[in-house]
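Structural characterization, general
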Amino acid sequence: MTKETITIAICGDKGVGKSSLVLSLAKGRFLSNLQDVIPAVTIPRDFSSNPYSVRRTILVDTSEAEPEKLQMELRNADVIWLVYCDRESYERVSLHWMMMFRSMGLNIPVVLCKNKCDEYPGGDVYSNSVALDDTKIEDEEFIPILMEFKEVDTCVKTSAKNQFNVNQAFYLCQRSITNPIAPLFDSRIGELKPLAVNALERIFLLSDKDQDNYLNDAEMMALQKKCFNKSIDVAELSFIKKILSDISLNPHEFINTPLYVPDRGLTLDGFLMLNRIYTEKGRHETTWDLLRAFHYTDSLCINDKVLYPKLNVPDTSSVELSPKGYRFLVELFRRFDKNNDGGLNEEELQFLFRRTPGLPYLWTATNFPFSTVVNNRGFITLQGWLAQWSMTTFLDYKITTAYLIYFGYEDDVKEVLHVTKARKMRRRKGRLYRSPVSDRKVFNCFVVGKPNSGKSSLLESFLGRVFAESYCPTIRPKIAVNSLELKGGKQYYLILQEFGEQESAILENKEKLSECDVVCLTYDSSDPESFSHLVELLDKYRYLRDLPLVFVALKADLDKQQQRCSIQPDVFTDSLFLDHPLHISSTWAASLNELFIKITEAALVPGESTPGFPPEERTSDTDYRQTAVILGSAVGFISLLTFTMVKLLKPAKFSR
């Protein structure tokens, strides 16, 4: 959205008609014998005009007789309306006024106006974006100024006396702010600027619904309706096609690729050429309407308010994808899976992310796509695609909202998100612990333990990959996300994070720990020195005991060793009133599945896996997990009882 108010400073030599232009615009008629400088005039917004116009415009008259005030007004202005009327004042435009603007360091558009054109029956408007050799200019005095001073946005002839082009000149001043040419077009080389090309290319890709690299008639009409809220005339569409076809055949244009292909539609080059023509011919407001329909700002970036909508998320809540968000991502996956092989290969991913700034940093930092489920060729599957976005939304939902906008999501992007209920705390024996959760589907588990205890292999096994014998120490953090199904058919997403050399820093960061639902404490059951590392961690970071903990003895396929520690694993877990460590191996699929289910259940019912509470004090939480089963049984029992009572109380019928 553009500025709410713009200020136009009207300046020029004495006697060129500055005050007359201001009053002719404000009063709608010519007034003579005016004072040298009139007070500022405020013109309210015309609400019937373009909705991207400003709310109001302030016209400030100036005089060279007050140089300090003149410079102050120029510095406060958004656009300069520079007026001349004869040969002498024309020469001072380039020798005095433009030099003064540059010496002041002004970087605002200038609309050059030749006033007192009382005898001209008509007049043209000349823009710095116009291809001058293709323009019929009767008065060639504009050409040198347009070519020398790129800050001159437009030139126009006016007559305050005859009310000729006064409103047009005012509109051009407004347009230089509401629809600036500078971000779109490089007049030095006569081409669209790179940012404009990138934005228009994204619009083309989003509008090409069938992804055949052409905009057919139906897609052009849909684009017209979206951007201008009206249908395109068939004759106008035919005219556009003819213009592009003629340019393709023009030997002076050096066009190497077709701009329009009959029975197919406009190519990307044709779409860019069409917008270049608009900007060259001074109709760049058409291109701006196109860009703003896709939420682009004057800096040719998508509006942050659209990418990152304000969302009220309580401290103990999390953000997940809603069913509508999952549906959109499923449709996106299937649309770009060109060969229907159930995976997005590198080429398909590149084509999908052409609409975006590239892969999210969170993905590249976590070795995507190998952070989730891929097929035997290394292509991300639909299961992995949804898991990856579930993880992204949980860790940083703003990435999800931004990328869904990049992908072309057109409704309110907040509809793709679900804010879970705030996590409540319960008190037992003077200690607080987390209460069970009911509406969450995504959980975050920190996997910690001594180096070479098998953490990385655990993450790889979670993604269904074959165990690798070679050991490679983890330096950077790793992440793995996958879906799993619990009894009853409920599906959840589990995120496993390993931190490598950053483990100590993460455990010291209580804010980071607040994102953790479960801590998985791993040790190598074949290494006698491994378990003592966990005991030391829990002694050093005692606040870890306030979180659900799951102990895991990895490498259970190797010979079990007595741990060289002051306390053995089973005794230690008994002292914490927790289950004994699960003995698993990355080569044992059944035990792995049991572990992942146990981690998810610990996240669902935190009290059962939080240290320090005897089992008899966990009945309330256990009851919570079994509520659905017990409730179902109770309903069945009551129904059976009711049916039996009805049968007993029903009066008997006797036959004759």
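Residues numbered from 1 in each chain as written. Predicted model: local features only at pLDDT ≥ 70, side-chain atom pairs only at ≥ 80, totals over all residues. Heavy atoms only, no water.

1. Here's the deal with unusual backbone geometry
In this structure, proline 369 follows phenylalanine 368 across a cis peptide bond, with omega equal to 10°. Turning to its location among the elements, proline 369 is positioned in the loop between α14 (361-364) and β14 (380-381). The backbone phi angle of asparagine 367 is positive, close to 65°, even though this residue is not glycine. If you trace the backbone, asparagine 367 turns up in the loop between α14 and β14. (Helix = DSSP H or I, 4+ residues; strand = E, 2+ residues; numbered from the N terminus.)

2. Things to note about the side chain of serine 525
Within the element layout of this structure, serine 525 appears in the loop between β21 (518-524) and α20 (531-540). You can call serine 525 buried: its relative accessible area is 2%. In terms of polar contacts, serine 525 uses its side chain to reach the backbone carbonyl oxygen of leucine 554, at 2.8 Å. (Buried < 20%, exposed > 50% of the residue type's maximum accessible area, 1.4 Å probe, protein only. Polar contact = N/O pair within 3.5 Å; in protein donor to acceptor, adjacent residues only side chain to side chain.)

3. Concerning the sheet that holds strand β20 (residues 491-498)
The strand order across the open sheet built from 6 strands is β19-β20-β18-β21-β22-β23, with neighbouring strands paired in mixed fashion. On the outer flanks of this sheet lie β19 (478-485) and β23 (582-583), each paired with one strand and no other. Pairing of strand β18 (residues 442-449) with β21 involves 5 bridges; the strand directions are parallel. Note that in β21 the partner of phenylalanine 446 across the bridge is valine 519. Packed on one face of the sheet, helix α15 (residues 382-395) meets β18, β19 and β20 and runs near 115° to β19. Helix α17 (residues 455-462) contacts β18, β19, β20, β21 and β22 (549-554) of the sheet and is inclined by roughly 40° relative to β19. (Pairing = 2+ DSSP bridges. Contact = heavy atoms within 4.5 Å. Axes fitted to C-alpha atoms, helices over the stretch in contact; angles between N-to-C directions.)

4. Digging into the confidence of the model for the protein chain
Per-residue pLDDT for the protein chain averages 84, and the proportion of residues at 70 or more is 85%. Segment residues 129-138: pLDDT under 50, and 19 contacts once partners within four positions in sequence are set aside and those in other chains are kept. Scored below 50 in pLDDT, residues 623-656 shows 7 contacts in the model against residues more than four places distant or in partner chains. (pLDDT = per-residue confidence, 0-100.)

5. Notes on the packing of aromatic side chains
Taken as a whole and judged by the stated rule, the model has 26 aromatic pairs. Consider the rings of tryptophan 389 and phenylalanine 407, whose centres lie 6.2 Å apart with planes at 85°: the pair is edge-to-face. Residue tryptophan 389 is found in helix α15, and its partner phenylalanine 407 is found in the loop between α16 (397-406) and β15 (417-419); the two are separated by 18 residues along the sequence. Like tryptophan 389, the residue phenylalanine 407 is buried in the burial classification. Judged by centre distance (5.3 Å) and plane angle (85°), the rings of tyrosine 403 and tyrosine 406 are edge-to-face. One end of the pair, tyrosine 403, and the other, tyrosine 406, are both in helix α16, 3 residues apart, so they sit about a helical turn from each other. On the basis of relative accessible area, tyrosine 406 is assigned to the buried category, the value being 12%. (Phe/Tyr/Trp six-rings, centres within 6.5 Å; stacked < 30°, edge-to-face > 60°.)

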